[in-house]
Amino acid sequence: MGRGSPAELSPPVDADPADAIRRRDEILQVMFWMRGEGLADDASPDTLLVFLGEVDDAMLRADLDALDSAGLLERMPGGSYRLTP
């Protein structure tokens, strides 16, 4: 499948699809806010966990990888992520 296809954004089989959409939307909102406020252009998973509350670390990393595969985020050297144009 090509970059950005809906299948690449699909949640894990055992997860509620609505939960995955909410988490991924919140990740993008936090990153957009951080960039807009001049706090950072990229964020590590650990930094995002501070803002996302009760999000499981493994699920966050899976969501970040899915958003990267979809072309919404770009993984940076060192393991942080930034929004794509």
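The present account deals with the structure reproduced in this document.

Criteria and thresholds
Sequence order as written defines residue numbering, which begins from 1 separately in each chain. Only residues with pLDDT of 70 or above have their local features reported here, since the model is predicted, and side-chain atom pairs are shown and tallied only from 80 upward, although totals for entire chains, interfaces and linings are computed over all residues. Note that water and hydrogens are dropped before the side-chain values are worked out from all heavy atoms of the structure. Helix and strand assignments follow DSSP, with helices taken as H or I runs no shorter than four residues and strands as E runs no shorter than two, numbered in order from the N terminus. Only protein chains enter the calculation, and the probe is 1.4 Å; a residue is then buried if its accessible area is under 20% of its type maximum, exposed if over 50%, and partly exposed in between. Whether two residues touch is decided by their heavy atoms; if any such pair falls within 4.5 Å, the residues are in contact. With residues, only the protein chains shown are counted as cover, and all accessible areas are computed by Shrake-Rupley using a 1.4 Å probe. Paired strands, as defined in this entry, are two strands with at least two bridges between them according to DSSP. Every axis in this analysis is a line fitted to C-alpha atoms, fitted for helices over the stretch in contact. Angles between the N-to-C directions lie between 0 and 180 degrees. Roughly parallel refers to an angle under 35 degrees, roughly antiparallel to one over 145, roughly perpendicular to one between 65 and 115, and oblique to any angle outside these ranges. Gly falls in the polar group here, along with every residue not listed as nonpolar (Ala, Val, Leu, Ile, Met, Phe, Trp, Tyr, Cys, Pro) or charged (Asp, Glu, Lys, Arg). A helix is expected to span 1.5 Å multiplied by its residue count minus one. Between N or O atoms, a polar contact is any pair within 3.5 Å; within protein, one atom must be a potential hydrogen donor and the other a potential acceptor, and residues adjacent in sequence are included only when both atoms are from side chains. Note on definitions: salt bridges are taken to be side-chain nitrogens of Lys or Arg within 4 Å of carboxyl oxygens of Asp or Glu.

## Some words on the overall build of the protein chain
A tally of helices and strands in the protein chain yields 3 helices and 3 strands. Reading the helices (α) and strands (β) of the protein chain from amino to carboxyl end gives α-β-α-α-β-β. Out of the 85 residues belonging to the protein chain, those deemed buried represent 32%. The long-range share in the protein chain, meaning contacts at least 24 apart out of those at least 6 apart in sequence, stands at 48%. Surface exposure of the protein chain reaches about 5,300 Å², of which carbon and sulfur atoms provide 54%.

## Details of the sheet that holds strand S3 (residues 81–83)
Ordered by their spatial adjacency, 3 strands build an open sheet running S1-S3-S2, and the pairing between neighbours is antiparallel. Single-partner strands in this sheet number two, and they are strand S1 (42–43) and strand S2 (73–75). Here 2 bridges tie S1 to S3, and the two strands are oriented antiparallel to one another. Along S3, the bridge assignment pairs Ala43 with Tyr81.

## Describing the packing of helix H1 (residues 17–36) against helix H3 (residues 57–69)
Relative orientation of the contacting elements H1 and H3 amounts to 75°, with a least axis distance of 10 Å. Compared by their axis directions, H1 and H3 come out roughly perpendicular. Two secondary-structure elements touch here, H1 through Arg23, Arg24, Ile27 and Leu28 and H3 through Met59, Leu60, Asp63, Leu64, Ala66 and Leu67. When its residues are assigned to classes, the contact of H1 with H3 shows 7 nonpolar, no polar and 3 charged.

## Remarks on H3
An α-helix turns once per 3.6 residues; consequently, residues spaced three or four apart project the same way. Between its first and last C-alpha atoms H3 spans 18 Å; for 13 residues at 1.5 Å apiece the expected length is 18 Å, and the two agree. Those residues of H3 that are buried are in contact with H1, helix H2 (45–52), S2 and S3. Where H3 begins, the side chain of Asp56 points an oxygen toward the backbone nitrogen of Ala58, at a separation of 3.1 Å. Note on H3: the residue one or two positions beyond its end, Gly71, has a positive phi of about 85°.

## Topic: the pattern of salt bridges
Within the structure shown, the criterion is met by 6 salt bridges. A salt bridge links Arg23 to Asp63; its shortest N-O distance comes to 2.5 Å. Placement of Arg23 in helix H1 and of Asp63 in helix H3 is noted, with a sequence separation of 40 residues between them. Taking the relative accessible area as the measure of exposure, Asp63 reaches 0% and is therefore buried. Among the salt bridges present, the one from Arg82 reaches Glu74, with a minimum N-O distance of 2.9 Å. Salt bridges sharing common partners tie together Arg23, Arg24 and Asp63.

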